[in-house]
Every structure is written in structure tokens, then in C-alpha cells.
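# Structural description and commentary
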Amino acid sequence: MATSTAVKLDPVKPARRDLESVVVRFAGDSGDGIQLTGGQFTQATAVAGNDLATFPDFPAEIRAPVGTTFGVSAFQINFGSRGILTSGDRPDVLIALNPAALKVNISELKPGGLIITDVSTFSERNLAKAGFSENPLGDGTLDKFKVIEIDISKLTLEAVKPFGLTNKEGLRCKNLWTLGLIYWVYNRDRQVTIDWLNQKFAKRPELAQANIAALNAGHAYGETVEMDDFAGFTVGAAEIAPGVYRNVSGAEAMSWGLLAGSQLAGLKLFFGSYPITPASTLLHILSTLKQYDVTTFQAEDEIAAICAAIGASYAGQLGMTSSSGPGVALKTEALGLAIGVELPLVLVNSQRAGPSTGMPTKTEQSDLYQAVFGRNADSPLAVVAARSPGDCFDVGIEAVRIAVKYMTPVIVLTDGYIANASEPWLIPSMDDFAPFPAEFRTDPEGFHPFLRDEKTLARAWAVPGTPGLEHRIGGIEKDYDSGNISYDPDNHQKMTDVRAEKIARIADDIPEQTVDQGSASGRLAVVGWGSTYGPISGAVANACADGLDVAHIHLRHLWPMPRNLGDLLSGFEQVLVPEMNTGQLRTVLRSEYLVPAEGLNKVNGKPFTIAEIEDAIRDRLEK
Amino acid sequence: MNAPTVIEKLTPKDFASDQELRWCPGCGDYAIIKSVHKALADLGATKENTVFISGIGCAARFPYYMSTYGFHTIHGRAPAIATGVKLANPDLDVWVVSGDGDAMSIGGNHLLHCIRRNVDLQFLLFNNEIYGLTKGQYSPTSKVGTRSPSTPMGSVENPISATHFALGAGARFVARGIDTQQKVLPGVLERAHAHRGMSFVEIFQNCIVYNDGVFDDFTDRKSADDTQIHVEHGKPLIFGKDRNRGLRLKPGALELEVATIGEDGIGESDIMVHDETNRMLATMLTDMPRPEFPVALGVLYCDPADTYEQGVVSQIDDAKAKTPPAALNDLLRRGYTWTVSA
């Protein structure tokens with residue numbers, strides 16, 4: 001038996017550098033599979049034990065002309081060995097698969113950042129489409145960055161050659177080649193993606209093989225080609241609470257939360273909706289959950305969507321509807337009906353930039369006034385807001401709880417950012433949630449439809465089909481003592497008061513407001529709601545680490561607000577309210593508590609960066 | 001030993017609520033509600049299983065005067081709310097009561113979709129060709145030239161035909177009746193009730209205050225035999241005081257004409273027999289101009305098809321059969337997960 005004496009030598013390569021955290025942005029044409037690439041990288045990164053947050057940013061046009069700047073799709077991920085709260089301010093790494101992607105994203109790349117490009121796409125034609133008069137590769141434009149130019153198209157086609165694909169099919173594997181390279185850059189395991197490809201293309205194994213070959217080729221390229229002493233990075237595992245995790249988007253977590261809430265209430269979920277960006281995903285997800293007795297109804301319009309939900313609640317299911325601002329505006333009259341007849345209803349508003357059509361795919365949180373005040377007459381209801389993708393689950397459950405217990409519509413505010421972004425989520429156990437079963441009235445003795453629970457003031461819920469409880473309800477004012485039509489002036493005063501008091505009493509049934517970070521009184525409170533949670537949290541953490549006296553308060557219950565909020569805010573010299581609107585919560589806090597709240601506002605369709613909020617904190621505390 | 005429960009059949013009066021009717025004296029709605037009470041009693045309806053849903057308008061007060069379940073909702077939206085009720089509980093017997101403004105104007109879109117989806121409910125359109133509750137403006141069914149507070153020089157809009165609209169939207173049951181015909185109307189309502197699917201019934205209703213007598217040209221009892229034709233499936237389309245006039249296809253044209261039996265060699269066999277499953281015929285019957293033609297009343301069209309809620313419920317049943325619902329804990333853990341150890 002021959003013994004090998006050859007010594008296997010590793011090629012001499014520089015060592016990988018350790019990073020605490022990094023922000024990577026994938027960008028390319030909307031047909032380049034950018035979102036998919038980002039999703040796969042997210043999964044591999046989660047498996048590697050990093051904490052992470054992502055932000056998909058895709059164009060409003062379904063298929064914008066190839067190579068144009070408005071057809072650029074991007075996906076940003078921030079991951080690290082420390083706690084990650086946002087998808088990151090400015091990218092450290094930009095993967096630009098065509099000139100347009102470079103053009104759109106270059107201004108945000110950090111100085112000294114890394115650019116990886118597919119040089120074969122930098123043709124005269126593509127450069128012109130992207131609006132470059134000169135080729136930025138080599139004309140000095142990119143001197144302050146590190147640029148790695150690779151002919152990704154050519155290398156991809158070589159890698160997939162054995163599988164007999166057409167040129168077009170072959171080029172579609174470009175994203176996997178790129179992903180393979182990025183896996184090498186950050187030392188990620190490819191297996192997650194290989195398994196996924198095998199499953200996705202189970203019926204076309206040649207496509208699975210080709211994509212895997214492209215993935216491996218990209219990885220091997222990093223492994224073998226010397227890229228100017230570039231050796232990739234290591235990002236260590238973060239300290240994360242133990243348990244079973246998954247990635248979850250806001251839309252998924254919200255769908256599951258609404259279903260979980262319905263189950264805890266012992267009710268079947270009815271979801272009436274009309275397609276609108278970015279809210280439609282909820283309808284898509286819930287329509288796949290029919291086996292859980294979920295009925296989904298794609299209505300003829302926004303009004304019919306909420307009306308059918310009201311009809312379902314009237315008949316004993318839990319009616320829900322969803323939309324974005326303009327659609328919610330259309331639902332307003334029906335919301336008034338649900339308030340007047342006091343039926344449970346959940347409305348999820350995935351906010352987007354407005355007014356009118358505005359920027360459907362860009363995020364904003366400018367529907368707070370609409371949610372709290374935006375109806376004719378005195379029409380109070382409850383409003384809650386989710387602060388992150390995973391938080392949507394708990395907020396969904398809370399919305400259902402309030403709706404059922406108080407026989408009221410509840411508006412849930414989320415936004416385009418939360419709905420689309422995903423984060424690793426410690427999967428909760430349903431055993432940890434106490435049920436809150438809905439009670440249907442069945443006893444005819446002393447019944448009338450507006451008989452109220454003494455404590456919650458919720459009216460009795462008697463559903464059609466119940467013998468002896470036949471009754472009529474409607475939008476006309478009801479007599480307090482019989483539920484019959486009443487135009488009596490004093491009665492209207494009494495009914496208006498009781499509707500307001502019922503909503504106000506919810507404040508007795510929600511947790512007192514806590515301070516997320518920092519002390520319970522001091523020089524500055526930064527108060528937020530919704531998806532500003534991440535950047536505020538990061539900014540306050542940085543400021544606290546530097547010894548600044550600042551606290552972070554984040555609201556889930558926006559109406560009614562927690563009982564102690566006024567007292568809590570009065571313990572701070574200054575109150576700063578960062579919002580992606582022109583100052584809506586600021587106004588509400590001022591009017592409710594007479595606190596000198598100041599706004600930090602922006603509406604450019606993008607989430608706050610940590611730096612923006614941190615600067616505002618330092619402005620107030622360091623001057 | 002269990003004593004057999006005797007369910008007493010309810011009388012028409014049992015379906016009236018304790019609320020005082022507040023339509024104008026002489027309003028056609030009084031007659032209609034009587035016919036509805038009678039129809040419900042005749043068909044053995046129960047109060048607990050019956051739901052009346054309405055939008056806004058004079059007709060929309062209807063649910064308050066019924067002793068069944070009732071929901072007086074918002075303008076034009078009753079079909080959408082009724083769709084939700086029916087999806088949530090297909091066993092309920094749902095009636096929607098609407099007027100020409102509520103159904104054909106502000107609620108036209110919902111009505112269209114309720115019809116095409118074939119939601120199993122009875123839709124009663126009280127058509128008086130005027131807005132009553134808002135004090136007399138012209139409606140989408142008002143004739144050209146209708147003078148009203150908002151059209152002092154007469155309306156210049158073409159009216160819509162409610163039944164033609166319903167047929168165009170794909171209705172599987174279309175019928176017409178007259179408010180005061182209390183011998184005939186309950187039978188039409190019972191047919192509507194028996195039909196599985198969306199039953200569209202137009203009831204010509206006289207608004208005594210704002211549009212009095214608008215249908216007199218064909219509802220007047222004295223001339224009714226000559227101005228009305230009560231259609232019945234399988235029977236010849238004959239009308240007239242002397243029962244000698246009938247409808248036939250005009251030779252060489254795709255249109256109806258009135259023919260007189262015994263004239264020009266026309267016999268009874270030349271008269272068309274009503275086929276309520278013939279959509280084309282129903283459309284022609286609904287479009288007959290007066291006074292050249294009589295107004296067709298009764299069940300113009302009835303051709304049942306699968307209902308919407310059947311389809312929705314069977315998909316839910318199929319989904320359960322295919323993938324029995326896992327516990328929510330399992331649903332949350334479906335797909336790619338990973339474990340972080342302590």
C-alpha cells in the first residue's frame with residue numbers, strides 16, 4: 001500500500017478580519033433576484049448566530065425597464081456579534097449588479113466602503129440608461145471606495161455551462177454566483193441555500209444544479225482568486241436569548257398574531273380586504289390559512305372589505321380588515337358604523353407615504369391622526385402600534401383582545417417598513433398566552449342589545465341564530481335603556497359619553513408605560529411609536545454609553561394611552577419625539593399632557609438612521 | 001320521556017316588531033311589509049334564523065319593523081355587509097331591503113358584485129324612482145324630464161333599468177312585483193326565498209309624497225289586465241282583458257312584439273311560452289317599453305347555480321381535509337428554524 005507523502009498546502013492568504021457588525025446592501029435590476037438573494041443571505045447569517053435586521057427596498061413599478069434607475073431593487077442587512085436594532089444607517093458594502101444600482105446607491109455607501117460590481121454590465125448603453133456620462137469604473141469617481149470588479153455574468157455562464165441552460169436562464173443564476181461570493185466574504189455556510197434550491201426546483205433539477213453550481217463557483221472565486229489582499233471577514237455570533245428562532249416579516253407575524261388572537265378568543269377569523277400596497281401581503285398569507293377556519297374575502301373595494309368584516313362580526317365571527325392610508329380613508333364611514341353598533345373589528349393599517357397615492361412602496365407613519373381622530377363626529381376607538389416585525393405578533397393578539405373585550409373597532413398601525421422587513425424571532429409558545437374567550441349572550445331574560453357590562457361598558461353580543469334574542473341594531477342613535485332608535489337629546493349626550501368612557505376605560509386594562517432604556521426621569525426622554533423603535537433604541541444606547549442622561553420610551557398603546565404616561569413624561573426636562581411624519585404624536589402628547597414635546601421629523605420614505613437621532617439627542621444634551 | 005316539541009307556525013303578525021311604523025301615511029312600504037310578513041309565515045320562517053339588512057333610505061327602515069334579527073347599516077353597503085353575514089353563517093336566512101338610490105346609485109358597485117358572486121340572499125329593491133328620505137331629488141331610475149328639487153328644469157339623465165342591470169351582472173333569479181298586489185307579491189317573495197343564490201326582486205313602490213302616481217299607467221287596477229303581464233314558467237305569455245293578446249318574436253327580428261290571437265291568422269300556438277331559464281327572453285321581457293308593451297311581472301328569470309358561500313366554505317373544508325390544522329405552536333415553527341442554545 002502506497003503511502004502518500006505529499007503535504008497539502010493551504011494557499012497563503014491574508015487572514016480574515018474580525019468585525020463587530022457590518023451593513024451590506026445588495027442592489028441590482030428588479031429582475032436580478034435581489035430580494036431573494038437578500039433573503040437567503042439573511043437566513044445563512046441567522047444560522048451563523050448573528051443578530052440582524054433587514055430592509056427590502058423595491059421599486060413601485062412591477063417590471064420597470066431593464067437597466068433604469070427606477071427599476072433598481074435593493075436589500076439591506078445589518079448583522080453583527082452585538083445586538084442589532086436597525087437595518088443599518090449607511091452600508092459598508094454595496095453589491096451593485098448594474099450601473100443603475102451603483103448610481104442609485106453610491107451616495108449612501110460609507111467612505112472607504114467596499115463595492116462589488118459586475119463589470120460586464122457596464123456597457124455604454126447601460127451606463128447611458130443609468131445616467132452616467134463616463135464609466136465610473138476607472139474615471140476616479142469611486143476613488144474613495146474599494147472597488148472589486150468582476151465579470152460576474154461571464155463567470156456565471158461558465159459555471160452553469162454543463163447544465164444546458166439557455167443564455168437567458170444561465171444569466172438568471174448571476175445572483176446565486178454573487179451570493180456564493182458574499183458567503184465566502186463573511187464565511188457563511190452555503191448549505192441552507194443549497195437545501196432551499198433543491199426544494200424550490202424539485203421539479204426542474206437541472207435548474208437546482210445550475211444555481212448550486214453558480215453558488216459554489218462564486219464561493220470558490222473568493223477562495224482562490226487574490227483580490228488585492230482582500231481576505232474577507234468574520235462576524236462572530238451575538239449573545240442571543242436561547243430558544244428556537246425563525247426569520248419573520250411583519251406581515252407574517254401580524255397574520256399569525258391575528259389568528260392566535262382569534263383562537264384565544266375562541267372565534268373564527270374573517271378577513272375582508274382589497275389589494276393595496278403594502279398591505280396586501282396580509283391577505284395573501286391569511287388566504288393560505290383556511291385550514292384554521294380563516295375566511296378571506298377579496299372585496300370589490302375598501303368599503304365592501306370593512307363592511308363584510310362588520311357583517312361577519314355581527315354574525316359571530318371576528319371581522320378584520322386591512323389597508324393603507326388611502327384605503328383606510330375609504331373605510332372611515334363603516335368604522336363609524338362599527339363604533340355606533342359596538343361590534344368588535346380589527347383594522348390593520350400598513351402605513352405608506354402620502355397624501356393620496358403618495359409613494360406606495362415607501363414607508364411613513366403619518367396616519368396617527370387618521371387612526372385616533374380621523375372620523376366624523378365623536379367616534380372613539382382603540383389604536384395600537386407595532387414597533388418591529390416580531391412585535392406584530394403580540395400587537396395582533398392585543399388588538400383582538402381589546403376588540404372582543406370592549407366590543408370596539410381597534411386600529412393597528414404598522415408600516416411598509418415593518419410589514420416587509422424581517423428579523424430573527426424567538427418563537428413564542430402559545431401556552432404562555434392566557435385565553436380571553438368571547439362571550440355570546442344567550443339568555444333572553446332582561447336582554448336588550450345595548451345592555452352593558454358594568455366594568456368594561458361593553459355591550460352584550462347576541463348573534464343571529466340565537467332564539468329569543470332577536471333584535472335590531474343600526475347606525476341611528478340608540479336608546480341607552482332599550483337599544484331602540486332614539487332622537488332624544490339627553491340620550492344622545494349619554495350615549496356619546498358612554499362610548500367615550502368605554503374606550504377610556506381600556507387604559508385600566510393595559511400595562512403602565514415603562515421606560516425601555518435609561519432612567520424614569522431626567523433631562524431628556526425620547527418618545528417613539530412604531531417602527532422608529534430600532535433607530536431610537538440604538539441612538540439612546542449610544543448616548544447612554546457616553547454618559548448622557550437620556551431615556552427611551554416607546555408606546556404600543558396609542559389610544560387610549562397608558563394611565564401613567566403623563567406623570568412619566570413630566571419627570572423629564574425635555575421630550576423629543578422622532579417620527580416619520582410632521583409631528584403627529586408630538587401634537588397628541590402636547591394636547592393630552594401639556595408637555596413641551598419637540599419633534600424630530602422626516603418624511604423621505606426612509607427609516608431614521610441611528611445617527612440622525614443620536615445627533616438630535618446630543619444637540620439637546622451637549623450644548 | 002321526552003315530550004315532542006310542538007313548533008307552532010308563526011303568523012304574519014308574529015313577524016312585526018313592537019316599533020311603530022313611521023313611513024308616510026299611504027306609503028307603498030306598508031303594503032310591502034305586509035306581504036313580507038305573510039311570505040315569512042307561509043314559508044315557515046323562524047324569527048331567530050331570519051336577518052333583515054338594509055342601507056339608508058325610507059326602505060332601509062324596514063328591519064326596525066321586523067321582529068327578526070335586523071341590521072340597519074350605511075348607505076349602499078347592505079349587500080357587502082350581508083355578504084359578510086352569509087359567509088360567517090351560511091345557515092342564516094338573509095334578506096336585504098334597499099331603495100333605488102341606495103341600490104342603484106351609491107351602492108351600485110356592491111350590488112353588482114353581490115349579484116355576480118351569487119350570494120344566497122333575497123334582495124328586495126323598492127323602486128319608487130325618487131329619493132324620498134332626502135326630500136324628493138330625482139334618482140338613477142327616474143325618467144328623463146323628472147322635475148325635482150335638484151332638477152327644476154327636469155332630469156336630463158337616462159334612467160337605469162334595475163332588472164336589466166341585475167341580468168347583466170349575472171343574476172340567477174330576477175322577479176318583479178307591485179307594492180299593492182298583496183295577493184301576488186307574497187308568492188313572488190316565496191319563490192325568491194326558495195331560490196338558492198342571489199334572488200333579485202324589484203318592487204314598484206309608490207312614493208305618495210314625492211312621486212305619487214309615477215307607475216299609475218300600469219298599476220291602475222282598471223287597466224291592469226292590458227298593461228301588465230304576469231309571467232309563469234311553461235305558460236304562454238298571454239295578457240289582456242280578453243286574454244287574447246300575447247308576446248311573440250317578431251318575424252325576422254330579434255325582438256318581441258304584441259300579437260292579437262285571432263287576428264292575422266295568429267293562434268295561441270304562435271304565442272311564446274315563458275321559459276324562466278332563458279336569460280335572453282328575460283332580458284327582452286324586462287326591456288319592454290310601455291305603453292306599447294305591458295310590464296312583465298312575476299319570476300322573469302330563474303336558473304340556479306352554485307352559491308358563493310358554498311364555494312368559500314367548501315374551500316375551507318377541502319383545506320382542512322388536505323392538511324388538518326396543526327396546533328398554532330406548530331404553524332409558528334413551520335419552515336426554517338434554528339436553535340440558539342443557552
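Residues numbered from 1 in each chain as written. Chains lettered and ligands numbered in written order. Predicted model: local features only at pLDDT ≥ 70, side-chain atom pairs only at ≥ 80, totals over all residues. Heavy atoms only, no water.

This part is about the overall build of chain A. Broken down by element type, chain A carries 20 helices and 22 strands. Its C-alpha radius of gyration of 27 Å places chain A within 12% of the 25 Å reference for a compact globule of 623 residues. Put simply, of all contacts in chain A between residues at least 6 apart along the chain, 76% involve residues at least 24 apart. Separation between the mean location of the 54 positive side-chain charges and that of the 74 negative ones in chain A comes to 5 Å. (Helix = DSSP H or I, 4+ residues; strand = E, 2+ residues; numbered from the N terminus. Rg over C-alpha atoms; globule rule 2.2 N^0.38 Å. Contact = heavy atoms within 4.5 Å. Lys, Arg positive; Asp, Glu negative; His and termini not counted. Charge placed at Lys NZ, Arg CZ, Asp CG, Glu CD.)

Moving on: the packing of helix α2 (residues 78-88) of chain B against helix α4 (residues 108-117) of chain B. Residue and element names in this part refer to chain B. Where α2 contacts α4, the axes come no closer than 7 Å and their chain directions differ by 40°. Residues Pro79, Ala80 and Thr83 of α2 form the contact with α4, whose own contacting residues are His110, Leu111 and Cys114. Of the residues assigned to the contact of α2 with α4, the class counts are four nonpolar, two polar and no charged. (Axes fitted to C-alpha atoms, helices over the stretch in contact; angles between N-to-C directions. Nonpolar A, V, L, I, M, F, W, Y, C, P; charged D, E, K, R; others polar.)

Residue and element names in this part refer to chain B. What the domain assignment reports for chain B is domain 1 (12-235 + 274-309) and domain 2 (236-273). Taken together, both faces of the contact between domain 1 and domain 2 bury some 1,300 Å²; the carbon and sulfur share is 75%. Three residues stand out in domain 1 for area buried against domain 2, namely Asp226, Ile229 and Met284, and they jointly supply 33% of the buried area on that side. Counting every contact that joins domain 1 to domain 2 gives zero salt bridges. Remark: the boundary between domain 1 and domain 2 carries three residue pairs in polar contact (both at pLDDT 80 or more). Elements represented by at least two residues in the side of domain 1 that touches domain 2 include exactly α8 (224-227), β7 (228-231) and α9 (279-286). Top element by residues in the side of domain 1 that touches domain 2 is α9. It accounts for four residues. (Domains from an automatic or database assignment. Buried area = accessible area lost by both parts, 1.4 Å probe. Salt bridge = Lys/Arg side-chain N within 4 Å of Asp/Glu carboxyl O. Polar contact = N/O pair within 3.5 Å; in protein donor to acceptor, adjacent residues only side chain to side chain.)

Moving on to helix α6 (residues 174-185) of chain A. All names here are of chain A. Taking 1.5 Å per residue as the helical rise, α6 with its twelve residues ought to reach 16 Å, and the 17 Å between its terminal C-alpha atoms agrees with that figure. Within α6 the residues assigned to the buried category are Lys174, Asn175, Leu176, Trp177, Thr178, Leu179, Gly180, Leu181, Ile182, Tyr183, Trp184 and Val185. Asn187 sits one or two residues past α6 and shows a positive phi near 60°. (Expected span 1.5 Å × (residues − 1). Buried < 20%, exposed > 50% of the residue type's maximum accessible area, 1.4 Å probe, protein only.)

Facing 69 residues of chain A, the contacting portion of chain B comprises 56 residues. Of all residues in chain A, the largest losses of buried area upon contact with chain B belong to Gln291(A), Glu300(A) and Arg472(A), amounting jointly to 14% of the total for that side. Taken together, chain A and chain B are joined by two salt bridges. Across the pair Asp293(A) and Lys320(B) runs a salt bridge whose closest N-O atoms are separated by 2.7 Å. For the interface between chain A and chain B, the tally reads 29 residue pairs in polar contact (both at pLDDT 80 or more). The element contributing the most residues to the side of chain A that touches chain B is helix α11 (residues 302-314) of chain A, with eight residues. A class-by-class count of the residues in the side of chain A that touches chain B yields 44 nonpolar, 16 polar and nine charged. Looking at chain direction, strand β17 (residues 472-474) of chain A and strand β2 (residues 69-72) of chain B are connected through three bridges and run parallel. Across the sheet, residue Ile473(A) finds its bridge partner in β2(B), namely Phe71(B). (Pairing = 2+ DSSP bridges.)

Let's shift gears to the environment of Ile418(A). All names here are of chain A. Position of Ile418 among the secondary structure elements: in helix α15 (residues 416-420). Classification of Ile418 by relative accessible area gives buried; the value is 0%. Excluding residues that lie within four positions of it along the chain, Ile418 makes contacts with Ser249, Gly250, Ala251, Ala386, Arg387, Ser388, Pro389, Cys392, Gly530 and Ser531.

Turning our eyes to something else, we now look at the sheet that holds strand β6 (residues 199-204) of chain B. The sheet built from nine strands is open, its strands ordered β17(A)-β2(B)-β1(B)-β3(B)-β4(B)-β6(B)-β5(B)-β11(B)-β7(B) with mixed pairing. Each edge of the open sheet carries a strand with a single partner, namely β17 of chain A together with β7 of chain B. Between one strand axis and the next, the sheet turns through 20° on average, direction left out of account. Bridge count between strand β5 (residues 173-178) of chain B and strand β11 (residues 295-302) of chain B: four bridges; the pairing is antiparallel. Along β11(B), the bridge assignment pairs Phe173(B) with Cys302(B). Across the sheet, helix α6 (residues 185-194) of chain B touches β3 (93-99), β4 (122-127), β5, β6 and β11 of chain B, and the angle it forms with β5(B) is around 165°.

This part takes up helix α14 (residues 391-406) of chain A. Residues and elements named next belong to chain A. With 16 residues, α14 ought to run about 22 Å at 1.5 Å a step, and its terminal C-alpha atoms sit 22 Å apart, in line with that. In terms of burial, α14 is a largely internal element, 14 of the 16 residues being buried. One or two positions beyond α14, positive phi appears at Met407, with a value near 50°.

Attention now goes to the confidence of the model for chain B. Looking at chain B as a whole, its pLDDT mean stands at 96, while 98% of the residues score no less than 70. Reported confidence for the predicted complex is 0.97 by ipTM and 0.92 by pTM. (pLDDT = per-residue confidence, 0-100.)

Let us now look at the pattern of salt bridges. Enumeration over the complete set of coordinates arrives at 37 salt bridges over all chains. Here Glu612(A) ties to Lys602(A) by a salt bridge, and the two come within 3.0 Å at their closest N and O atoms. Here Glu612(A), found in helix α20 (residues 610-621), pairs with Lys602(A), found in the loop between β22 (597-601) and α20; they are ten residues apart in sequence, far enough to count as distant. The class for Glu612(A) is partly exposed, based on a relative accessible area of 31%. When the shortest N-O distance is used, the salt bridge between Asp42(B) and Lys38(B) registers 2.8 Å. Placement of the pair is Asp42(B) and Lys38(B) together in helix α1 (residues 28-42), with a separation of four residues, close to one helical turn. A relative accessible area of 35% places Asp42(B) in the partly exposed class. Residue classification places Lys38(B) among the partly exposed residues on the basis of a relative accessible area of 37%. It is possible to trace a salt-bridge network through shared partners that takes in Glu398(A), Arg401(A), Lys405(A) and Asp509(A).

A few words now on the side chain of Ser255(A). Here Ser255(A) is to be found in helix α9 (residues 250-265). Discounting chain neighbours no more than four positions away, the residues touching Ser255(A) are Leu282(A), Ile285(A) and Leu286(A).

What follows concerns a nonpolar patch on the surface. All names here are of chain B. Residues Ile208, Val209 and Tyr210 make up a contiguous nonpolar surface patch of about 240 Å² in total accessible area. Inspection of the secondary structure assignment puts Tyr210 in the loop between β6 and α7 (216-219). In this structure Tyr210 comes out as partly exposed when scored by relative accessible area, which is 34%. (Patch = residues over 30% accessible without salt bridge, like charges linked within 9 Å, V, L, I, M, F, W, Y side chains within 5 Å. Areas by Shrake-Rupley, 256 points an atom, 1.4 Å probe, with all protein chains shown as cover.)

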